[in-house]
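Coordinates in review
So you can see what is in the structure, the chains are spelled out below.
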Amino acid sequence: MRLIPRRRRVVSLLAIVSAAALAALLELPRALADEHFEATPPWLQRHVGDGDGQISEIVLQRARALYMQKVVEGSAKHPCYFAMDATRPSVAGSGGVARRFYIICEHDMSFRAISSGYGNGRRLPGANFANGQRCAKNFSNAEGSKLTTGGGYVTAETRTSFKGYYRTRGKSVPLVRAFVQFEGEGDTANARERAIGGHSAVLLRGLCLRKRPDSPYANEKGYVPYGRLLNYSSGRSNGCTSWTPEDSELIVDMIKEQPTTVYIYPESRDIEAVAKALKSRQKPSSAGLYWNARCLREIGAPKFWPKEKLEPIIARYRKARPRPPPRPLPICRSG
């Protein structure tokens, strides 16, 4: 399945509007754009559902609406767009990794579902907003919360950083991880401040320094960090969207020169509506609300922690327990 076209004009972005229709859209106020946004095409409708590898109706509807809005505004230029359903579990019913992040390319009728992590949260004195390994209960846009914030984003610049070396198959390999910065609005407006974006779900543990003056990453004394590679593709992140190394490479290459949209469900309004329905002993689905049924049984009820409430709690914790100065990495004992 080919997901990345070489060169496509913006007018082919969704294969749902003609060039004339798109040109007309560019002259309309933003509020009128939805009038020209047709229903989900039949080929894409076949991927709609609540099973693994499918996308729930409301997630797709909002992802498409966000994408068209940003196309009209001129901030989305890639013919594909992304969506994520953070209400879904990290493990599928078959025991494998669940697929809850979606790459949708309507111009060539391609759809792909992949795995993705969500924010793990924290457990602080007086405020437990930690998430379990399988299902997310807590969401927030507070800086320092390490939680996912649902809503609309646009991909911005991509930055790469060297994390260190690790050994695989008897060879030393550098881990250079790409990070795609997201920019948002509303609840997601502080995405850049929080360093929220997308990246590969890998990191290095147990770092130590090893002499390697020939490395382009060596410090002034000729040392480079070495560690053990940890792949947490089926786990949690610090609030970012995380992918497998293979999927991350694909996505980063896709949006290298053409930004696009990322819609993450649920938003704060969804979380509050579901919580309110459950409190009144009403089944969310009967109220026209969506939450993954498996995870809802596990978490009981979701909760959104607005930054106005949570950031003061985090600030007090940081003041009471300031971080110690960073320790220099030790020299590796062997190798």
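For clarity, every value in this text was computed on a predicted model and none was experimentally measured.

**Re the pattern of salt bridges**
Two side chains of opposite charge can pair, provided their charged atoms sit close to one another. Within the structure shown, the criterion is met by 16 salt bridges. Between Asp 85 and Arg 88 there is a salt bridge, with the nearest N and O atoms lying 3.0 Å from each other. A relative accessible area of 0% places Asp 85 in the buried class. In this structure, the salt-bridge partner of Arg 269 is Glu 267, at a minimum N-O distance of 3.2 Å. Of the residues examined, Arg 269 reaches a relative accessible area of 49% and is grouped as partly exposed. Because the salt bridges share partners, they merge into one network encompassing Arg 62, Glu 267, Arg 269 and Asp 270.

**Digging into unusual backbone geometry**
Apart from glycine, the bulk of residues carry a negative phi angle, and the bulk of peptide bonds sit in the trans form. For the bond from Tyr 265 to Pro 266, the omega torsion is 15°, close enough to zero to count as cis. Residue placement: Pro 266 occurs in the loop between β15 (261–265) and α5 (268–279). Here Met 109, not a glycine, exhibits a phi torsion of approximately 55°, which is positive. One non-glycine residue, Arg 281, lies in positive phi territory at about 60°.

**Regarding the layout of surface pockets**
The space that makes up the largest pocket amounts to roughly 690 Å³. Residue lining of the largest pocket: 30 residues in total, with Lys 146, His 199, Ser 237, Asn 238 and Cys 240 positioned closest to the centre. Of all elements in the fold, only β8 (151–168), β9 (171–184), β11 (202–211), β13 (236–237) and α7 (307–320) reach the threshold of two or more residues within the lining of the largest pocket. The residue makeup of the lining of the largest pocket, split by class, is nine nonpolar, eight polar and 13 charged.

Procedures and definitions
- Residues numbered from 1 in each chain as written.
- Predicted model: local features only at pLDDT ≥ 70, side-chain atom pairs only at ≥ 80, totals over all residues.
- Heavy atoms only, no water.
- Salt bridge = Lys/Arg side-chain N within 4 Å of Asp/Glu carboxyl O.
- Buried < 20%, exposed > 50% of the residue type's maximum accessible area, 1.4 Å probe, protein only.
- Helix = DSSP H or I, 4+ residues; strand = E, 2+ residues; numbered from the N terminus.
- 1 Å grid on protein atoms, 1.4 Å probe; cavity = no way out; pocket = protein on both sides within 12 Å on 5 of 7 lines; lining within 4 Å.
- Points joined across faces, edges and corners; volume = space filled by probe spheres on them.
- Nonpolar A, V, L, I, M, F, W, Y, C, P; charged D, E, K, R; others polar.

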